[in-house]
Amino acid sequence: MIRIARWSAEHPWRAIAGWIAFIALCAVVGGVAGTRQQTDADEAVGEWGHAERIVQHGDFPAKIIENVLVTAPSGSLDRGRADAALADVGHRFAGLPAVIRQDKPLPSTDGRAVVLRAQMAGPTDGMTDRVTPLLDATAAVQKAYPDLRVDEVGDASIERAMDATLGHDFDHAEKLSIPISLAILVLAFGAILAAGVPVLLALSSVAAAIGLSALVSHLTPVSDAMSSVILLIGMAVGIDYSLFYIRRAREERARGASTLDAVEIAAATSGRAVVVSGVTVGVAMAGMLLSESAIFISLAIGTMLVVAVAVVGSITVLPAVLAKLGRWVDRPRVPLIYRLTLHDRKPRLWPALLRPVLRRPGMALVISAGLLVALAFPAVGMHTRMLGDGDLPKSIPVVASLDRLTTAYPSDGESHEVAVEAPASQAGAVRAALVDLDRRAKADPRFAAGEPADIRESADHRVQVLDVPIPTSANTDQAKATLAVLRTTLLPETVGRVTGAEMAVGGSTAASVDFSHSLSSRLPWVFGFVLILTFGLMLWAFRSVVIAGTAIVLNLLSVGAAYGLLVLVFQHHWAEGLLGFTSNGAIVAWIPMFLFVVLFGLSMDYHVFVVSRIREAALNGMPTRDAVRQGLTTSAGAVTSAAIVMVAVFSIFATLSTMEFKQLGIGLGAAILLDATIVRAVLLPAAMTLLGRWNWWAPPFLRGSRRHAAGAVAHQRRVPIGSGVH
């Protein structure tokens, strides 16, 4: 690693050209290869997954339905005007090639709404573009009938609206994250070039990782959320790694080292911490590969790619850029701010904050640990579930239209999907059984009444699918109760009696129930894998069992506190107005596992960096209390700046429209904030001060490496080695 950094610093143009070529190659090859997205069958697990695969075997043509709903803005509906409006809609739709069939207008049972259903031509790919003429026609009718409310809602229009909303959200996030990150870095460095370098490295790492993820998608399909996660994690770690490296190089230059020596010392210290941190993030992400979920595997691959690229960039192109810029990295200087960042200024804030902690470490440990445990306590009542149509942002007009449609026509709302596969010779028996199942369900008040069963049958007569509507949203207790009735009673008593029939119940409710159950069953394996490998990595990096154990405990406290805050914010209603969401009383099912592995990886940025500085001081002969003070004081500025950048980037994601990204942004931002303040500034120094010499205890086979590490540090710093660790 040191040799690589030194070579890059001595041959800066080669290193910079190589990095640019690498980024361009990743982007071009990834763009040419394209991205293979996961299908519903790829993402599905349990019985839900079984149902998705049966439906896939049926090879059904796409059935894309758009509903044009006419209601009165207030009062009763003028049926004559409503019929005239829908006749106008039907006339306009008849001339559109995207529309292949229209049903007769259907009034609701209470007479307060009328709906026209139109089927679009398949396939589902590109349907968001093909639905635009239908939406334009509906908008023209709305303009012609201002006394009515004319809504269009369906799979294509909902997906189009969500794509537009998410696209706007992420454009907004990207536009905000870059200037905010730059502003924070300007405050951290007091110089424009020093602030710009980390942002450029982060953006280039994100671009390369997105290109690489497109290639990887042809081996294992990727989820829609991968690019967003790459952006989120890539900006955070890319800036962090550069910030640590640049601050150490500036610090060594301020002590009189030449540019090349400063870069080499930064590589041996901060560079080593960056590599350890990056490997730790990769190890944590690898834990998600044990989840057996295509979504988690995709997110894990995306995160590992962007972190790996950021680490490679920090030990190759970053030393080259710093060597080429030399002292110009501190130009142009920002008046006053630059003077505050000079390393020859004696720090005052952090020594003042540390003084009471180091004076009474026992009390500081009890109070800070007690606060984190109290914050974590609400996590005991955490409920998880998948998001459904009812959880879409209410600010999107088509979502309000969907609510009106499902209120007027409950059978057009959520439904369970009963999928059956049997020999073609049993097709008649299967259909009769499904008709019987539908009749029994409609006689049960827990299910939705409506039109007779619409059974889809594959061309080879082997697969048949029945949608069983329910009168509530997908994630309610009533919906889960109807799912249980279907699976344990109605399906076995009807289709279960058909010889050779393979059956399963899918749909949104089944997806939520089965996905949550699958995650809860795999969670212990993922947690165990991450904890054991992280402990081993910390043991290897610091040659101390106690340091490794302390890292695990502190990170568990951070994660627990983040879980508790998520529950407080999102399972209750007090923050709805503040963050712009409607609570559904649950946490998105994939968030807890993803938060655990990401936070366990990212929090090691600070732990590795801070403990490396403490260990460096201890290896040079300082007593533990002084080493803790020295290590935290010298690293606090970098950790604080990095934490502020991370919290700012994550907080931007909390402003997005969808619930999952709000929860992800709040969870990550709160955890990083707690980790960089309470954990690293209070808990860690208190614990290490109390442990004293025991911090560095290690089995005999690890002790020999400690002196070697001290020698390496002393060689780079050109200072004598102390007599040992005290």
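Residues numbered from 1 in each chain as written. Predicted model: local features only at pLDDT ≥ 70, side-chain atom pairs only at ≥ 80, totals over all residues. Heavy atoms only, no water.

Here the focus is unusual backbone geometry. Phi at Asp59 is positive, roughly 50°, even though this residue is not glycine. Secondary-structure assignment places Asp59 in the loop between α4 (46-58) and β1 (64-71). What makes Asp59 exposed here is its relative accessible area of 65%. The phi torsion at His461 lies on the positive side, around 65°, for a residue other than glycine. Summarising the element assignment, His461 is placed in the loop between β8 (455-457) and β9 (463-469). (Helix = DSSP H or I, 4+ residues; strand = E, 2+ residues; numbered from the N terminus. Buried < 20%, exposed > 50% of the residue type's maximum accessible area, 1.4 Å probe, protein only.)

One open sheet holds the 4 strands; their spatial order is β8-β9-β7-β10, and the pairing between them is antiparallel. Of all the strands in the sheet, the pair left with one neighbour each is β8 and β10 (502-507). Within this sheet the neighbouring strands show an average axis-to-axis angle of 20°, counted without direction. Two strands pair when backbone bridges link them, and β8 and β9 are joined in this way by 3 bridges, in the antiparallel orientation. Following the sheet pairing, Ile455 is matched in β9 by Leu466. Taken strand by strand, helix α20 (residues 508-542) contacts β7 (415-421) and β10, and its axis lies near 95° from that of β10. (Pairing = 2+ DSSP bridges. Axes fitted to C-alpha atoms, helices over the stretch in contact; angles between N-to-C directions. Contact = heavy atoms within 4.5 Å.)

Turning our attention to the pattern of salt bridges. Scanning all chains against the criterion turns up 19 salt bridges. Salt-bridge contacts for Glu252 lead to Arg248; the nearest nitrogen and oxygen are separated by 2.9 Å. A residue pair is termed a helical-turn pair when its members lie 3 or 4 positions apart in one helix, as Glu252 and Arg248 do in helix α10 (residues 226-254) at 4 residues. Residue Arg248 is classed as buried on the basis of its relative accessible area, which comes to 1%. Overlapping salt bridges, with partners in common, bring together Asp436, Arg439, Arg440 and Glu493 in one network. (Salt bridge = Lys/Arg side-chain N within 4 Å of Asp/Glu carboxyl O.)

Structurally, the position occupied by Pro700 is in helix α26 (residues 700-717). Owing to a relative accessible area of 63%, Pro700 belongs among the exposed residues under this scheme. Separated by 281 residues in sequence, Pro700 and Ala419 place their C-alpha atoms 61 Å apart.

Time to look at a nonpolar patch on the surface. A cluster of nonpolar side chains, namely Leu25, Val29 and Leu215, defines an oily patch on the protein surface of about 230 Å² accessible area. Here Val29 shows up in helix α2 (residues 12-33). (Patch = residues over 30% accessible without salt bridge, like charges linked within 9 Å, V, L, I, M, F, W, Y side chains within 5 Å. Areas by Shrake-Rupley, 256 points an atom, 1.4 Å probe, with all protein chains shown as cover.)

Quick look at the packing of helix α24 (residues 624-653) against helix α25 (residues 659-691) now. Between α24 and α25, whose axes approach to 10 Å, the crossing angle comes to 175°. Classed by the angle they form, the pair α24 and α25 counts as roughly antiparallel. Residues Thr624, Arg625, Val628, Leu632, Val639, Ala643, Met646, Val647, Phe650 and Phe653 of α24 lie in contact with α25, whose contacting residues are Phe661, Lys662, Gly665, Leu668, Gly669, Ile672, Leu673, Ala676, Arg680, Pro685, Met688 and Thr689. Class assignment of the residues belonging to the contact of α24 with α25 gives a composition of 15 nonpolar, 4 polar and 3 charged. (Parallel < 35°, antiparallel > 145°, perpendicular 65-115°, else oblique. Nonpolar A, V, L, I, M, F, W, Y, C, P; charged D, E, K, R; others polar.)

Another point: the side chain of Gln119. Along the chain, the position of Gln119 falls in strand β4 (residues 113-120). Assessed through its relative accessible area of 13%, Gln119 is described here as buried. Aside from chain neighbours lying at most four places away, what touches Gln119 is Ala62, Lys63, Ile64, Ile65, Ala98, Val99, Ile100 and Arg101.

Nothing here speaks to function; it is geometry throughout.
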